[in-house]
Amino acid sequence: MSHAIAKPGAEVRLQGIGKRYGAVQAVKPLDLTIEGGTLVTLLGPSGCGKTTLLRMIAGLEQATDGRLFIGGRDVTLLPAGARNVSMVFQSYALFPHMSVLDNVAYGLVSSGMRKRDAHGRAETALETVGLKGFGSRLPSEMSGGQQQRVAVARALVLEPEVLLFDEPLSNLDARLRRSMREEIRALQQRLGLTVVYVTHDQSEALAVSDRIVVMRNAEIAQAGTPEELYSQPNSVFVATFMGEANRVPGRIESIDGDRARVALGGLVLDLPARGLPAGPVDIVIRPEAVRVSAAEPGALPARVARATYMGSHAECHFETEVGSVFVVAPRGAARLRPGAEVGLVLDPEGVVLVAP
Amino acid sequence: MKAPSSLYTWSVAALGTLILPWHMQQDGVALGGLMALGQADPEAASALWQAIAHGRFWFWPVLAALALALPGALPFGSAARRAGFLLAGAGLGLAAIVSQGLAIGVQGWSTPWLTAMFGELGDRQFGVGLGGTLAFAGFVLLLTDGLALRGFFRGDRFVSGAVGVLVASIILFTAWPVTTVLSQMFTPRGDLSTAAALADRLFDQKIWGLSCVAANVNCGVFWNTLLLATSTASAATLLGLCFALIVTRTGFPLRRGLRLLTVLPIITPPFVIGLGLILIFGRSGVVNQLAEAMFGLELGRWIYGFNGVFLAQVFSFTPTAFLVLIGVVEGISPTMEEASQTLRASRMRTFSSVTLPLMVPGLANAWLVVFVESLADFGNPIVLGGSFGVLSTEIFFAVVGAQQDFGRAAVLAAVMLVVALVAFMVQRAVVGTRSYVSMTGKGDVGLPQPLPRRVKAVAFAVAIPWALLTIIVYTMALAGAFVRVWGRDWTPTLSHFQRAFALEWAPSGALIFAGGAWHSLFTTIQLAAVAAPLTAGLGLLAAWVLTRQRFAGRTALEFALMLTFAVPGTVIGVAYILTYNIPPLEITGTATILVVCFVFRNLPVGVRSGVAAMSQLDKSLDEAAVTLRASTFRAIRTVVLPLLKPAIVTALVYSFVRAMTTVSAVIFLVSAEYEMATVFIINRVINGDYGLAIAYCAVLIVLMMTAIGLINLLVGRRRLGRRQAAPPALPAGGRA
């Protein structure tokens with residue numbers, strides 16, 4: 001539908017990129033390649049350096065280490081306006097004194113396009129985001145979701161090689177957030193854009209990304225597809241950040257190829273070794289990977305601490321010999337009485353070993 | 001993408017060096033004189049022609065620098081190579097211009113050791129003119145272009161240029177003059193050597209003497225100044241606090257009226273209060289006359305000296321303290337007081353154990369602000385001081401008096417500068433610890449507690465009489481314009497206005513501005529009008545650079561800028577005449593020096609309103625513009641400036657108004673041709689011609705009230721900059 005916006009996204013390559021503010025290391029030198037046409041999320045708690053990293057790609061901050069390539073071109077020293085990127089800001093940053101159409105056309109006029117042509121292109125871009133006919137309004141006359149779309153249109157209309165999103169949905173209510181993130185994902189796939197997307201909301205990251213880069217303390221904790229990060233976290237931090245997780249201590253008894261025999265309390269489990277040596281190990285158990293059964297061989301003996309009815313499911317806490325375990329169980333489990341003795345059966349799909 | 005060329009900037013430098021007359025022309029420059037290549041008179045020739053035809057070899061380095069910078073200015077070659085040429089060329093150019101300017105003056109080599117080294121020069125040069133100025137500016141910008149190409153300032157030429165302009169102007173118009181005035185301390189005097197002269201000046205009894213403690217004579221001016229500033233600051237802070245508490249924490253019906261007090265110091269020419277006090281308490285003042293008529297009492301001259309200056313300063317600066325303290329009292333979170341009350345504290349206990357301690361840093365800040373104002377004040381002491389000398393007036397008399405002792409003026413200026421800088425440092429430290437005054441805007445609901453009864457009673461008992469007194473002083477001051485001779489001949493008259501502002505019709509029908517004040521009024525308005533946009537522009541630029549840009553040395557720049565604001569006006573005045581009296585920058589007696597003085601004295605106004613406005617403006621707005629391919633300049637022009645309109649207008653008007661009321665620095669810089677209104681008035685006061693002085697003040701006050709009223713009408717309470725953070729509820733039919 002939009003002939004105006006059709007440039008395949010470019011690859012972004014970060015080579016030892018880092019940022020220091022005096023003695024403070026905001027981003028430790030890191031390498032990262034973002035393939036053209038993919039959506040990569042930078043995910044992490046506040047203060048982990050993800051926004052600084054995004055702003056370095058945008059050219060709003062200058063890297064103090066390393067080099068940055070966009071589409072194979074070294075842009076490390078170029079100012080923001082000279083890089084072929086555009087950005088959607090957390091606060092949208094729509095110019096309050098300009099109409100929506102002027103806002104969207106702003107970048108084109110800045111690049112030297114005649115105002116009439118720019119307005120034509122801007123109309124098309126507004127149509128792309130479903131805001132046809134809203135051009136003459138002021139940003140303050142639009143709802144939050146609409147402002148968000150104007151911000152996207154304003155960034156898209158420049159046909160950037162890379163589109164950057166800085167926590168774009170954090171100002172929206174929960175319901176709107178869900179539909180907007182689907183819209184953004186659909187738009188990105190339809191136009192084949194390269195998108196770098198910053199968020200601290202893991203479900204948002206899981207929903208939109210081709211790849212997720214989890215950051216912690218100014219460096220990359222782990223990068224991979226959503227599924228990899230969820231099912232094979234390389235640390236307790238990533239495991240707990242990507243969703244609810246129990247962490248219990250265990251011990252690798254022996255290694256056989258890529259499998260490990262792991263002692264968990266009285267149980268012995270056979271799990272992927274993931275290169276870990278024999279000895280103490282942390283076992284990450286997803287709450288939905290535990291089935292509550294009667295006390296039986298092969299099950300972890302447990303006592304019910306409390307069970308809460310949650311409508312679609314039940315949330316139960318158990319005391320076991322390896323510590324307390326949190327379980328998401330079918331809603332029938334809500335009838336378990338505190339103190340009852342049960343067994344917990346683990347589904348190997350949701351159990352993973354990480355270094356202690 | 002190729003980095004853009006610096007050819008325009010280079011052309012400016014080239015124009016200044018090759019074509020335009022380098023030196024200042026005595027009678028101004030006619031259009032023909034602009035083409036200074038090939039001028040027979042060396043003084044009217046360009047740098048190039050002076051070097052070629054008149055043997056002025058010292059211009060060759062400047063010309064060489066220009067040539068060296070050219071490859072860097074052209075858009076060819078790698079950025080690193082171009083940056084190298086630009087930095088080398090512009091650096092050499094600036095060094096060459098500065099050193100030749102400083103080395104060769106009106107009498108050849110400007111220092112003996114240069115003469116000793118190179119022999120008599122047999123030539124001379126005057127101050128720089130159009131050519132030299134353009135060349136200097138061009139080289140500065142070439143240098144910043146080079147730095148940007150090197151990757152400094154995130155490669156942004158506009159930012160780098162802005163910083164360059166700011167740094168250059170701080171050096172030229174503050175650092176250099178202040179250094180010059182300080183170095184005057186070391187000039188030998190008479191048969192005394194450098195060290196002896198310095199010691200003699202520095203340890204002068206007239207500055208440090210403490211004999212007043214024991215005997216009935218005057219103390220040294222340092223102690224006078226300190227005593228005055230301390231008393232004034234304490235009294236004004238106390239009064240200001242009472243006013244602030246009444247306005248923010250009571251239901252007093254005239255609260256709004258009290259708030260108007262805060263406008264007074266802005267529109268009041270500096271000696272109106274002094275004049276008002278003389279008309280009330282002076283020898284022929286109302287009170288003295290009444291006392292004599294009713295009780296036969298002779299009250300004498302008690303108003304002249306410490307008493308009068310103190311009273312006048314408290315009147316003048318209480319509104320300033322009030323203004324600062326309104327913000328402080330309003331900044332205290334009511335939640336704290338509510339918490340205290342729920343913990344069973346009485347109102348009095350809440351006030352004394354929560355409210356007051358929270359205000360302490362704010363009170364200290366207000367105290368220091370008034371302290372510095374009192375220190376720098378010139379108008380009140382000159383009118384009321386009598387034999388009670390303070391630093392600012394002593395500096396003035398050292399320069400204009402019969403003694404003409406610049407060394408003494410320099411020492412006094414140094415003392416004043418040190419006191420001002422210490423106060424400034426203390427203030428920064430105090431304001432820096434203000435963190436617990438909660439201004440987060442988060443969860444700050446709750447009602448401010450009413451004042452305890454006793455505190456309220458004290459506040460009213462102090463503030464209301466004072467407010468009435470202020471009104472009386474102002475009324476008296478203005479009434480003085482309408483009687484023939486105050487105290488002797490009470491006949492109502494408009495003759496003072498007529499003498500000042502008479503208009504006559506020439507026989508030919510043309511209008512003649514016959515009044516004595518017209519000339520100075522027009523000059524003042526003209527110069528203030530020229531200075532206002534420069535002040536606002538430079539101030540907003542500085543505010544933008546400081547709030548929106550991050551670069552190495554930003555804190556240093558901010559500190560240097562704040563430091564220049566801390567230099568008292570009198571010091572600047574002395575420094576300017578000493579520095580700009582001789583080449584290379586010979587602008588004493590011109591309108592330029594007055595405009596420069598206005599701009600740098602009032603720059604804080606521009607910076608402050610800029611910073612305030614910009615902190616309301618979401619930073620991502622200009623970042624958005626920059627990522628949308630707008631150059632930094634375009635981003636400022638199309639996004640920042642339109643959203644800052646109210647701040648711009650405010651900065652313009654306030655710098656205009658302040659330029660019209662300033663006296664401390666300007667009094668040193670006026671000349672017969674460029675006389676300022678305030679200086680005109682002060683000369684009338686010194687001659688005892690109060691009627692005319694007051695009439696003139698009245699006109700100024702009306703003029704400035706009009707100006708301020710106009711902006712309040714124009715700008716009003718428009719809230720352009722505020723962006724709504726939360727999505728606003730939309731009127732019906734809006735949702736897509």
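Residues numbered from 1 in each chain as written. Chains lettered and ligands numbered in written order. Predicted model: local features only at pLDDT ≥ 70, side-chain atom pairs only at ≥ 80, totals over all residues. Heavy atoms only, no water.

Q: Explain the overall build of chain A to me, please; I cannot follow it from the model alone.
A: What chain A contains, in helices and strands, is 8 helices and 20 strands. Summarising its shape, the C-alpha atoms of chain A cover approximately 75 × 45 × 35 Å along the three principal directions. Expressed as a percentage of the 356 residues in chain A, the buried residues total 53%. Pairs at least 24 apart in sequence give 66% of the contacts found in chain A among residues at least 6 apart. (Helix = DSSP H or I, 4+ residues; strand = E, 2+ residues; numbered from the N terminus. Buried < 20%, exposed > 50% of the residue type's maximum accessible area, 1.4 Å probe, protein only. Contact = heavy atoms within 4.5 Å.)

Q: Can you walk me through the overall build of chain B in this structure?
A: If you tally the helices and strands in chain B, you get 32 helices and 6 strands. Against the globule reference of 27 Å for 736 residues, chain B gives a C-alpha radius of gyration of 29 Å, in line with a compact fold. When its C-alpha atoms are laid out on the principal axes, chain B stretches across 85 × 80 × 65 Å. Pairs at least 24 apart in sequence give 71% of the contacts found in chain B among residues at least 6 apart. For chain B, the exposed area adds up to about 32500 Å²; of that, 67% sits on carbon and sulfur atoms. Counting 48 positive and 30 negative side-chain charges, chain B places the centres of these two groups 16 Å from one another. (Rg over C-alpha atoms; globule rule 2.2 N^0.38 Å. Areas by Shrake-Rupley, 256 points an atom, 1.4 Å probe, with all protein chains shown as cover. Lys, Arg positive; Asp, Glu negative; His and termini not counted. Charge placed at Lys NZ, Arg CZ, Asp CG, Glu CD.)

Q: How should the pairing of strand 1 (residues 12-21) of chain A be read in this particular structure?
A: For a regular strand, the rule is simple: side chains alternate between the two faces of the sheet. All names here are of chain A. The pairing of strand 1 with strand 4 (residues 65-70) spans 5 bridges and is classified as antiparallel. In the sheet register, Leu14 faces strand 4, and the bridge partner there is Leu68. Note: strand 1 against strand 2 (residues 24-34), 7 bridges, orientation antiparallel. When the sheet's bridge partners are listed, Arg13 is paired in strand 2 with Thr33. Connecting the antiparallel pair strand 1 and strand 2 is a turn made up of 2 residues, with Gly22 showing a positive phi of about 60 degrees. (Pairing = 2+ DSSP bridges.)

Q: Would you mind going over the interface of chain A and chain B with me for this structure?
A: Accessible area lost during the coming together of the parts is what is often quoted as the interface size. Facing the 44 residues of chain A at the interface are 33 residues of chain B. With both sides pooled, the region where chain A packs onto chain B buries about 3200 Å², and carbon together with sulfur makes up 57% of that total. Joining chain A to chain B, the criterion identifies 1 salt bridge. Across the salt bridge formed by Glu623 of chain B and Arg55 of chain A, the nearest N and O atoms sit 2.6 Å from each other. In this structure, the connection of chain A to chain B is made through 7 residue pairs in polar contact (both at pLDDT 80 or more). When contributions to the side of chain A that touches chain B are tallied by element, the ones reaching two or more residues are strand 6 (85-88), helix 2 (100-110) and helix 4 (144-156) of chain A. (Buried area = accessible area lost by both parts, 1.4 Å probe. Salt bridge = Lys/Arg side-chain N within 4 Å of Asp/Glu carboxyl O. Polar contact = N/O pair within 3.5 Å; in protein donor to acceptor, adjacent residues only side chain to side chain.)

Q: Explain the environment of Arg261 of chain A here, please?
A: Residue and element names in this part refer to chain A. Following the sequence through the fold, Arg261 ends up in strand 12 (residues 259-264). By relative accessible area, which is 45% here, Arg261 ends up partly exposed. Distance in space between the C-alpha atoms of Arg261 and Arg251 is 8.5 Å, their sequence separation being 10 residues. In contact with Arg261, not counting residues within four places along its chain, are Arg251, Ile252, Glu253, Ser254, Val268 and Leu269.

Q: Honestly, the domain arrangement of chain B in this entry has me stumped. Any pointers?
A: All names here are of chain B. Its domain assignment divides chain B into domain 1 (7-150), domain 2 (229-490) and domain 3 (518-715). One C-alpha centre belongs to domain 2, the other to domain 3, and the line joining them spans 24 Å. Domain 2 puts 35 residues into the contact, and the matching count from domain 3 is 34 residues. At the boundary of domain 2 with domain 3, total buried surface from both sides reaches about 3000 Å², with 88% on carbon and sulfur atoms. For the pair domain 2 and domain 3, the number of links is 0 salt bridges. (Domains from an automatic or database assignment.)

Q: Looking at this model, I keep getting lost on the sheet that holds strand 1 of chain A. Mind explaining?
A: Sheets are built from strands that pair by backbone hydrogen bonding, the pairs being arranged parallel or antiparallel. Residue and element names in this part refer to chain A. Spatial strand order, 2-1-4-5: 4 strands in an open sheet with antiparallel pairing. The open sheet has two free edges, formed respectively by strand 2 and strand 5 (73-74), since each of these has just one partner strand. Strands in contact with helix 1 (residues 50-58) are strand 1, strand 2 and strand 4; relative to strand 1, the strand with the most contacts, it is inclined by about 120 degrees. (Axes fitted to C-alpha atoms, helices over the stretch in contact; angles between N-to-C directions.)

Q: Can you walk me through a negative patch on the surface in this structure?
A: On the surface, a cluster of negative charge is contributed by Glu227, Glu228, Asp347 and Glu349 of chain A. Relative to the helices and strands, Asp347 of chain A resides in the loop between strand 19 (341-346) and strand 20 (351-354). (Patch = residues over 30% accessible without salt bridge, like charges linked within 9 Å, V, L, I, M, F, W, Y side chains within 5 Å.)

Q: How should the environment of Ala118 of chain A be read in this particular structure?
A: All names here are of chain A. When you line up the elements, Ala118 lands in helix 3 (residues 115-128). In this structure, the C-alpha to C-alpha distance between Ala118 and Gly350, residues 232 residues apart in sequence, is 53 Å. Setting aside its immediate chain neighbours within four residues, Ala118 contacts Ala105, Leu108, Val109 and Met113.

Q: What's the story with the domain arrangement of chain A in this structure? I'm lost.
A: Residues and elements named next belong to chain A. Structurally, chain A comprises domain 1 (12-236) and domain 2 (244-354). Here the C-alpha centre of domain 2 lies 39 Å away from the C-alpha centre of domain 1. Each partner contributes to the interface: domain 1 provides 8 residues, whereas domain 2 provides 7 residues. Across the contact surface, domain 1 and domain 2 share 0 salt bridges. When residues in the side of domain 1 that touches domain 2 are grouped by element, the largest group, 3 residues, is from helix 7 (residues 226-231).

Q: Explain the packing of helix 15 (residues 306-331) of chain B against helix 21 (residues 453-479) of chain B to me, please; I cannot follow it from the model alone.
A: The packing of two helices is summarised by the inter-axis angle and the distance between the axes. Residue and element names in this part refer to chain B. At a minimum axis separation of 11 Å, helix 15 and helix 21 run at an interaxial angle of 105 degrees. By the criterion of interaxial angle, the relationship of helix 15 to helix 21 is roughly perpendicular. Of helix 21, the residues touching helix 15 (which contributes Leu311, Val314, Phe315 and Thr318) are Trp466, Leu469, Thr470 and Val473. Each residue belonging to the contact of helix 15 with helix 21 can be placed in one class, and the counts come to 6 nonpolar, 2 polar and no charged. (Parallel < 35°, antiparallel > 145°, perpendicular 65-115°, else oblique. Nonpolar A, V, L, I, M, F, W, Y, C, P; charged D, E, K, R; others polar.)

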